[in-house]
Amino acid sequence: MSYKARFAYATVLTAAVATAPAVWAQESVSRDPAGPYISGSYGGYKSHGGEFEDENDLLGVALGYQFSPFFALEAEYIDFGNFGEDDVDAKLKGAGLSAVGRLPLTDSFGVYGKAGAFVSALDVDAFDESETYDEVSPFVGAGVDFRVTPQLTAFAEYNRYNVDVDEDDFNGQVTNDGPEFDTGRVGLKYQF
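Thresholds applied
Residues numbered from 1 in each chain as written. Predicted model: local features only at pLDDT ≥ 70, side-chain atom pairs only at ≥ 80, totals over all residues. Heavy atoms only, no water. Helix = DSSP H or I, 4+ residues; strand = E, 2+ residues; numbered from the N terminus. Buried < 20%, exposed > 50% of the residue type's maximum accessible area, 1.4 Å probe, protein only. Contact = heavy atoms within 4.5 Å. Areas by Shrake-Rupley, 256 points an atom, 1.4 Å probe, with all protein chains shown as cover. Pairing = 2+ DSSP bridges. Axes fitted to C-alpha atoms, helices over the stretch in contact; angles between N-to-C directions. Phe/Tyr/Trp six-rings, centres within 6.5 Å; stacked < 30°, edge-to-face > 60°. Lys NZ or Arg CZ within 6 Å of the ring centre and 35° of its normal. Patch = residues over 30% accessible without salt bridge, like charges linked within 9 Å, V, L, I, M, F, W, Y side chains within 5 Å. Salt bridge = Lys/Arg side-chain N within 4 Å of Asp/Glu carboxyl O. Lys, Arg positive; Asp, Glu negative; His and termini not counted. Charge placed at Lys NZ, Arg CZ, Asp CG, Glu CD. Core = buried A, V, L, I, M, F, W, Y, C linked by side-chain atoms within 4.5 Å. Polar contact = N/O pair within 3.5 Å; in protein donor to acceptor, adjacent residues only side chain to side chain.

**Some words on the overall build of the protein chain**
- On a plain count of helices and strands, the protein chain comes out with one helix and eight strands.
- Counted from the first residue to the last, the protein chain has its helices and strands arranged as α-β-β-β-β-β-β-β-β.
- Across the 192 residues of the protein chain, 38% fall into the buried class.
- For the protein chain, the share of sequence-separated contacts (at least 6 apart) that also reach a separation of at least 24 residues comes to 60%.
- Summing over all exposed atoms, the protein chain offers an accessible surface of approximately 10,100 Å²; the carbon and sulfur share of this is 60%.

Put into structure tokens, the structure is as follows:
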């Protein structure tokens, strides 16, 4: 199954899971806007300028605190898995800490932006050399969310991460400072 088909399937599945309880629920989706939450997400990524590939899956989990309908702080862990081609193989994972600014458009639908720091570990095997890059870099993102029940929210999100690679490594065969990753993902958030 191609990446586009899997992403479309995940989107439709998330929408179906998210909207079914809304059809059955008789209560309002309003709730206290403040409180802790957890979330899980699935998606894909591409190197900036590249294309989303079938094997480029990512998984994310997050803990956060919603202070008001407009602001939250969030800590997340993301595993990008393995990627690369030809003589280059890499593995990226990391943790992010971000501020999330949200604009509610209705009682159950909103748009948001996020910005923060991403602490990454990039392991690269290339041209018979191996290097590990541990660093902190900024990231930005944007998304939409839809509250399904008072506690459950479905979301779709786009983020951009940057990871530096030292040009002096790998006998000068690496020609840029490092990849930028564009990510697209869908997920569910549960607020306590």
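**Focus on the sheet that holds strand β7 (residues 152–162)**
- The strand order β1-β2-β3-β4-β5-β6-β7-β8 describes a closed barrel built from eight strands, whose pairing is antiparallel. Averaged over all neighbouring strand pairs, the angle between strand axes comes to 25 degrees, with direction disregarded.
- Of the strand pairs in this sheet, strand β4 (residues 88–104) and strand β5 (residues 109–126) are connected by 17 bridges, and their pairing is antiparallel. Bridge pairing links A90 to V124 in β5.

**Brief notes about the packing of aromatic side chains**
- Applying the stated rule across the entire model yields 11 aromatic pairs.
- Arranged with centres 5.6 Å apart and planes meeting at 45 degrees, the rings of F80 and F181 form a pair that is tilted. With F80 in strand β3 (residues 71–85) and F181 in strand β8 (residues 180–191), this residue pair connects regions lying 101 residues apart in the sequence. F181 shares its class with F80; the two are buried.
- With centroids separated by 5.0 Å and ring planes inclined at 20 degrees, the aromatic side chains of F139 and Y161 adopt a geometry described as stacked. Of the two residues, F139 is situated in strand β6 (residues 129–147) and Y161 in strand β7; the sequence distance between them amounts to 22 residues. Here F139 matches Y161 in class, with each residue buried.
- When the ring centre of Y37 is taken as origin, the NZ or CZ atom of K189, which lies over that ring, is 4.5 Å away.

**Side note on a negative patch on the surface**
- Together, D89, D123, D125 and D134 line one region of the surface with negative charge.
- Mapped onto the elements, D123 comes out in strand β5.

**A few points about the pairing of β5**
- Hairpin connection of β4 to β5: four residues between the antiparallel strands.
- Sheet topology places β5 next to β6; 18 bridges connect them, and they run antiparallel. Directly across from V111, in β6, lies its bridge partner V144.

**Focus: the environment of D89**
- The topology assignment puts D89 in strand β4.
- For the pair D89 and A126, spaced 37 residues apart in sequence, the C-alpha to C-alpha distance is 6.3 Å.

**Here we look at the nonpolar core**
- F80, F83, L92, L122, Y161 and F181 are the most contacted members of the largest nonpolar core, which totals 16 residues.
- Grouped together as the second largest cluster of nonpolar side chains are five residues, A72, V100, Y112 and F155 included.

**Focus: the side chain of T149**
- For T149, the position within the fold is in the loop between β6 and β7.
- A distance of 3.0 Å separates the side chain of T149 from the backbone nitrogen of L152, its partner in a polar contact.

**Looking at a nonpolar patch on the surface**
- A contiguous nonpolar patch, built from Y65, F67, F70, F71 and L73 and spanning about 480 Å² of accessible area, is present on the exposed surface.
- For the nonpolar patch, the secondary-structure elements that each account for two or more residues are β2 (57–68) and β3.
- Mapped onto the elements of the fold, F70 is located in the loop between β2 and β3.

Shape is all these values report; function is a separate question.
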